[in-house]
Amino acid sequence: SGQFSVSLIPHTAKATNLAQLKKGETPSEITGIVRALKSHAVDLPEDFTDAMCNCGTGGDQSYSFNISTTACFILAAGGIRIAKGGNRSVSSKSGSADVLEALGINIAASPATLSKALDEVGLAFIFAQTMHPAMRFIGPARKTLGIPTIMNIVGPLANPLDLETQLMGLYRADLQETAAQVMQKLGRKRAIIVTGPNNMDEAALYGENTYTLLEDGKISQHRFTYKDLGMPKVELDDIVGGDAKQNAEILMSVLENQASPYLETTVLNAGLGFYANGKVDSLADGVELARQLIADGSALAKLRQLQEVQV
């Protein structure tokens, strides 16, 4: 029929009696929804088969600052082509689209402009509502529900580009292997799905992080803490963000290399992105590379370039 439809199935980090009665999402079901979304997506003039995304699912109710959005500039500065997926806030104060808009970036840029940004800057923001027209029907329902749904999981997987590598923050550790199987079906060569302490959809420095690695068709599970990396402990309260304006100020402070819990959390997640991409051989090497790219101004330069191109 050419029409797109999907039911929004609510999920919570803590199982409810209703959730326990349901079988949960299967890799085939999620893959089917992703492919349906992608088949209706707006095409870019060029294919960028080497692109990566580090978009998370959201839905963790942590109200942290925009970690993956801040990290994307560091990853791009490290030579990775980043097609950063994202949306406006659904269950937080500021989504990736909101904070980038506050920084003067045109979140609804045309496909031609996005291709130019990916080509010249090595970074573009892929706004879900623009690239996935069907999202305009789904978005209001998600906003009304105000809780995580299956679309939190589908969103980061449905980048219009056929990504080669991916880092995906996931607010449910029990779905990591499922997400890895979906990525395998979608043709990802290498990927990491990470869940932080207390079901954060980002890695954090105050407890244990778990991640699933997809590499050479094999799926494996791993764990680490801030102690394993010799990094300082950073409590959740220390990385809480605010509205789009406040989070834009936090993002700028990180890229300007101002010492803070925000900086430490960002280099951790950027380091994980480098490791997910295969740019480095270990998470520790990724963290070190992230620090260097912030300190020498390369990450801030990527923001300035995107502000000039994605307008």
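Worth saying up front: this structure is predicted, and the values here are computed from it rather than measured.

Student: Before we move on, could you go through the packing of helix α2 (residues 27–39) against helix α8 (residues 150–157) and cite the residues and values that matter?
Tutor: Running from N to C, α2 and α8 cross one another at 60°; their axes reach a closest spacing of 9 Å. Comparing their axes, α8 and α2 come out oblique. Crossing of α2 against α8: the hand is right-handed. Between α2, through Ile30, Ile33, Val34 and Leu37, and α8, the contact on the second element is made entirely by Ile150, Met151, Ile153, Val154 and Leu157. Here the contact of α2 with α8 is built from residues that sort into 9 nonpolar, no polar and no charged.

Student: A description of the pairing of strand β3 (residues 123–127) should follow, citing residues and the corresponding values.
Tutor: Here β3 lies mainly inside the structure; 5 of its 5 residues are buried. Both strand β2 (residues 82–86) and β3 contribute to a ladder of 5 bridges, which runs parallel. The residue bridging glycine 85 from the neighbouring strand is isoleucine 126, located in β3.

Student: Which residues make up the environment of aspartate 60, and what are the values?
Tutor: Summarising the element assignment, aspartate 60 is placed in the loop between β1 (52–53) and α3 (67–77). When the C-alpha atoms of aspartate 60 and glycine 169 are compared, they prove to be 10.0 Å apart, with 109 residues separating the residues in sequence. Excluding anything up to four places from it in sequence, aspartate 60 contacts Tyr171, Asn199, Met200 and Asp201. Looking at aspartate 60, its side chain comes within polar contact range of the main-chain nitrogen of serine 62, at 3.0 Å.

Analysis parameters
Residues numbered from 1 in each chain as written. Predicted model: local features only at pLDDT ≥ 70, side-chain atom pairs only at ≥ 80, totals over all residues. Heavy atoms only, no water. Axes fitted to C-alpha atoms, helices over the stretch in contact; angles between N-to-C directions. Helix = DSSP H or I, 4+ residues; strand = E, 2+ residues; numbered from the N terminus. Parallel < 35°, antiparallel > 145°, perpendicular 65-115°, else oblique. Left-handed = near helix turned anticlockwise from the far one by under 90°. Contact = heavy atoms within 4.5 Å. Nonpolar A, V, L, I, M, F, W, Y, C, P; charged D, E, K, R; others polar. Buried < 20%, exposed > 50% of the residue type's maximum accessible area, 1.4 Å probe, protein only. Pairing = 2+ DSSP bridges. Polar contact = N/O pair within 3.5 Å; in protein donor to acceptor, adjacent residues only side chain to side chain.

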